[in-house]
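Single-letter residue listing:
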Amino acid sequence: MPAAKSPKTKRSQIKSSQGNSADTAARELLRRAYRTMLEARLLEEKLAALYRSGKIVGGVFLGRGQEALSVALGVHLRRGDIYAPLIRDQAGRLAFGDTILDTLRTYLGSSLGSMRGRDGNIHRGRPSEGYHAMISHLGAMVSTVCGGLVAKRFRGEKSAVGATCIGEGGTSTGSFHEGMNMAAVENLPLVVVVANNQYSYSTPNDRQFACSDLLSKATGYGVVGHRATGNDLLDCLGVIGEAVAAARRGEGPQLVVADLLRLVGHGEHDDASYIPEAMKKSPLGRDCLELARQSLIEREWLSKEEAVSWHEAVEKEVEETSSKVLREPPPDPAEEDWNAFASPSLGRNL
Amino acid sequence: MSSITYLEAIRLAQQRALKEDPRVFIYGQDVGVFGGAFKATKNLSKEFPGRVLDAPISEDAMVGLAIGAAVEGMRPIVEMQFADFSTCGFNQIVNQAATLHYRTGIPCPIVVRLPSGGTPGSGPFHSQSMEAIYAHYPGLVVMTPATVEDAYTMLLEAVALEDPVIFCEHKFLYYHLKAESLPATVGEALPFGKARIARPGRDATIVAYSAMVHEALAAAEELIQDGYDIEVVDLRTVRPIDTDTILASVARTGRLLVVGEAWPWGGVAAEVISRVATEGFGLLDAPPQRLNAKETPVPYHPALWGTHRPTASSVANSLRQLLEL
Ligand SMILES: Cc1ncc(C[n+]2csc(CCOP(=O)(O)OP(=O)(O)O)c2C)c(N)n1
């Protein structure tokens, strides 16, 4: 901690036009975002290890390399907003209020998790808290978030925004198109972040879409478009921060497109050998977590010692939580009501 | 009130729902100022400004929007222009609406209105009966009202239910069916999910729903000449399905004919027969029978359409065969 103090003064000397408080806010936002990215990264590394040791039932789909983009959306949302994360949004989820504990519970199938073993891995959420539980079908969450925003509009809640993420592959779905168009027609405060990681599973972009720039879709839908550098935390925070603020100001749907690479396979079963080495070595393939750490240290908003201690603390939390969850009971089929209906009268005689 | 059509009952139910429950809104193509393709929302946008909204031609997103609004506590009614187009919203209905409560514990109280079934000249894409498809999915309630009164009260029940409801309203009944008045209270005559004995009898049971109830009743009248007294059970909802009432009827008559306008394969009629065969085998004096639409898309020309679907006379023929078995 002590080392972080001097840079703050130094930094405010450099940026003399900005007031101290704005600077402190930027610093705190960046530190919080980095810390959350670190949590997501280390948690996902643990999930991969658990997967390899056969502890996880089902697949593991990680967001390694996409934490900056994901977290940048999560940290700009607040209570009362709606958030429908997708596959590679562990960082955004944690920023929105999901926990390491519930993530592990869901992956490990603990009966104490929010999905109670009824659904798993990335298909988790707490809809009553604005945190939607994605269904697998890509594109489907865009209109669902729109619906939440329409409800808020009916209730006269003015400042809430809704946000969702999607891969470039998901933009080819009819659902995505319908949802974007609907959001534009209703002029909803919706932010959609497209993580263009160049591959949809194994499918390269030239087999996914033929437009030269995904951002041109914004014009087609009549929504505002933003471009972010997907592995640059500062840029993501700035661009998405502006998109969220614009939506909050009532300026309608915002589409953010960011180029990047996922630094893992589609799922842990996949070695991503279809991604060429040259692309991995290009600027697209740079690790956002490492870049963010460097950037924080350069600004002296984080000391090297602090970075190490954060790492250790998160690693410890993940380890401890994982051991705890591994001892938790799986769901018990005998205790299930095996009833898909909410109405009490509908349990039987269906 | 002079006479109220089935369609007007649906309009009045929506009017009452909008009036009594501020959480209700209606979303669908052309439902606003225009009042809907069939005028089921006529004047409602004027009476309830901002709560009857025109949707783009986006069935998937229409249902998705309803789901998201329901999560936030609203009670949306989605009008599909025709039941047939609900296939474009199928994913949201069966994968999101039907699974939401099971997965997350949060209910999904949406109503999706499906103008269903055949009318002369409507052809393959404006005539379908989708109830079996949706009833297949746990988590969905599927209503198939056959009377003006039921169209009214069941739609109000649908809006009040915590679960997603697929409301199959029959287009053929829209203008054909009339009632003198509507019940003031909902669920009083028959609780939700309960089948109705539309006509008591003792020689055979016809189980039917939606427009086929009226073909069944006409066939039962025809069989009086043959000296038979036919019982007609109107399912009202196909999911939940009221097995108890069906079994009690078969216990009285010993013979069962199930009539459905949809295709037979894996359908509601098949489900009814399966239940009676497994739970009431000993009640049967003859093998249970079913009569459904022919196994082709719904034909366009009235001459073909009239033969494609079951009618009073084909139901009567099936009954005569059943009674001889
Ligand atoms: C409608 C639909 N079709 C197919 C799939 C199977 N699937 C899951 S992820 C995926 C690739 C998604 O690619 P993209 O949207 O680019 O996201 P990324 O995985 O790159 O983050 C596919 C094809 C699906 N989930 N939904």
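As shown above, the structure is provided for reference.
Anyway, here's the lowdown on the structure attached to this text. (Residues numbered from 1 in each chain as written. Chains lettered and ligands numbered in written order. Predicted model: local features only at pLDDT ≥ 70, side-chain atom pairs only at ≥ 80, totals over all residues. Heavy atoms only, no water.)

### Observations regarding the pairing of strand β2 (residues 24-28) of chain B
Residues and elements named next belong to chain B.
- Counting buried positions along β2 gives five out of five residues, so the element sits mostly inside the fold.
- Along β2, one buried face is formed by Val24, Ile26 and Gly28 and the opposite face, lined by Phe25 and Tyr27, is buried too.
- Summarising the sheet, β2 and strand β4 (residues 75-79) pair through five bridges and their orientation is parallel. Counterpart to Val24 in the pairing with β4 is Arg75.
- Here β2 runs beside strand β3 (residues 52-54); their pairing, made up of three bridges, is parallel. The partner of Tyr27 across the bridge, within β3, is Leu53. (Buried < 20%, exposed > 50% of the residue type's maximum accessible area, 1.4 Å probe, protein only. Helix = DSSP H or I, 4+ residues; strand = E, 2+ residues; numbered from the N terminus. Pairing = 2+ DSSP bridges.)

### Structural notes on the packing of helix α7 (residues 174-186) of chain A against helix α3 (residues 59-71) of chain B
- Running from N to C, α7 of chain A and α3 of chain B point in directions that differ by 65°, and their axes come no closer than 8 Å. In terms of orientation, α7 of chain A and α3 of chain B fall into the roughly perpendicular class. Pair α7 of chain A / α3 of chain B crosses with right-handed handedness. In this structure, α7 of chain A uses Ser175, Glu178, Gly179 and Met182 of chain A to contact α3 of chain B, whose residues at the interface are Glu59, Asp60, Ala61, Met62 and Leu65 of chain B.
- The residue inventory of the contact of α7 of chain A with α3 of chain B, partitioned by class, reads four nonpolar, two polar and three charged. (Axes fitted to C-alpha atoms, helices over the stretch in contact; angles between N-to-C directions. Parallel < 35°, antiparallel > 145°, perpendicular 65-115°, else oblique. Left-handed = near helix turned anticlockwise from the far one by under 90°. Contact = heavy atoms within 4.5 Å. Nonpolar A, V, L, I, M, F, W, Y, C, P; charged D, E, K, R; others polar.)

### Some remarks on helix α10 (residues 268-279) of chain B
All names here are of chain B.
- In this model, α10 (12 residues) spans 16 Å end to end at C-alpha, consistent with the 16 Å of a helix rising 1.5 Å per residue.
- Val268, Ala269, Val272, Ile273, Arg275 and Val276 are the residues of α10 that are buried. Viewed end-on, α10 has its buried residues packed into an arc of 160°, placing them on one side of the element.
- In this fold, the buried residues of α10 make contact with α5 (131-135), β10 (204-208), β12 (237-239), α9 (243-253), β13 (256-259) and β14 (289-291). (Expected span 1.5 Å × (residues − 1). Arc of directions from axis to C-beta.)

### Notes on the packing of helix α1 (residues 6-20) of chain B against helix α6 (residues 148-160) of chain B
Residue and element names in this part refer to chain B.
- At a closest axis distance of 8 Å, the pairing of α1 and α6 adopts a crossing angle of 30°. Taken together, the axis directions place α1 and α6 in an arrangement best described as roughly parallel. Two packed elements cross with a definite hand, and for α1 against α6 that hand is right-handed. Note on element contacts: α6 touches α1 through Val148, Ala151, Tyr152, Leu155, Leu156 and Val159, opposite Tyr6, Ala9, Ile10, Leu12, Ala13, Gln14, Arg16 and Ala17.
- For the contact of α1 with α6, the per-class residue count stands at 12 nonpolar, one polar and one charged.

### Topic: the interface of chain A and chain B
- Contact with chain A, which involves 43 residues of that partner, is made by 47 residues of chain B.
- Summed over both partners, the interface of chain A with chain B comes to about 3,600 Å²; 58% of that surface belongs to carbon and sulfur atoms.
- Summed over the shared surface of chain A and chain B, the result is three salt bridges.
- In this structure, the salt-bridge partner of Arg155 of chain A is Glu72 of chain B, at a minimum N-O distance of 2.9 Å.
- Linking chain A with chain B are 19 residue pairs in polar contact (both at pLDDT 80 or more), by the criterion used here.
- Looking at the side of chain A that touches chain B, the element that brings in the most residues is helix α6 (residues 140-154) of chain A, giving 12 residues.
- Its residues placed into classes, the side of chain A that touches chain B shows 19 nonpolar, 15 polar and nine charged. (Buried area = accessible area lost by both parts, 1.4 Å probe. Salt bridge = Lys/Arg side-chain N within 4 Å of Asp/Glu carboxyl O. Polar contact = N/O pair within 3.5 Å; in protein donor to acceptor, adjacent residues only side chain to side chain.)

### Here's the deal with the site of the ligand
Residues and elements named next belong to chain A.
- Taken together, 14 residues sit near the ligand, with Arg88, Ser136, Gly169, Gly170 and Asn197 positioned nearest.
- Within the contact set of the ligand, an oxygen atom lies 2.7 Å away from a side-chain nitrogen or oxygen of Arg88.
- Asn197 is positioned such that a nitrogen or oxygen atom in its side chain is 2.8 Å from an oxygen atom of the ligand.
- Expressed as a share of its isolated accessible area of 580 Å², the protein-covered part of the ligand is 70%.
- Each residue belonging to the shell around the ligand can be placed in one class, and the counts come to four nonpolar, eight polar and two charged. (Near = heavy atom within 4 Å. Areas by Shrake-Rupley, 256 points an atom, 1.4 Å probe, with all protein chains shown as cover.)

### Examining the sheet that holds β13 of chain B
Residues and elements named next belong to chain B.
- Sheet architecture is open: five strands sit in the order β9-β11-β10-β13-β14, paired in mixed fashion. Strands at the two margins of the open sheet, each flanked by one partner only, are β9 (196-199) and β14. When the angles between neighbouring strand axes are averaged without regard to direction, this sheet yields 25°.
- Of the strand pairs in this sheet, β13 and β14 are connected by three bridges, and their pairing is parallel. Within β14, the residue paired with Val258 across the bridge is Arg290.
- Here α10 sits on the sheet in contact with β10, β13 and β14, set at roughly 155° to β13.

### Digging into the state of the cysteines
- Within this structure, the stated rule accounts for zero disulfides over all chains.
- No disulfide involves Cys146 of chain A; its sulfur sits 14 Å from that of Cys165 of chain A, the nearest cysteine.
- What makes Cys146 of chain A buried here is its relative accessible area of 0%.
- Its sulfur unpaired, Cys88 of chain B is 16 Å from the next cysteine sulfur, which belongs to Cys168 of chain B. (Disulfide = S-S within 2.5 Å.)

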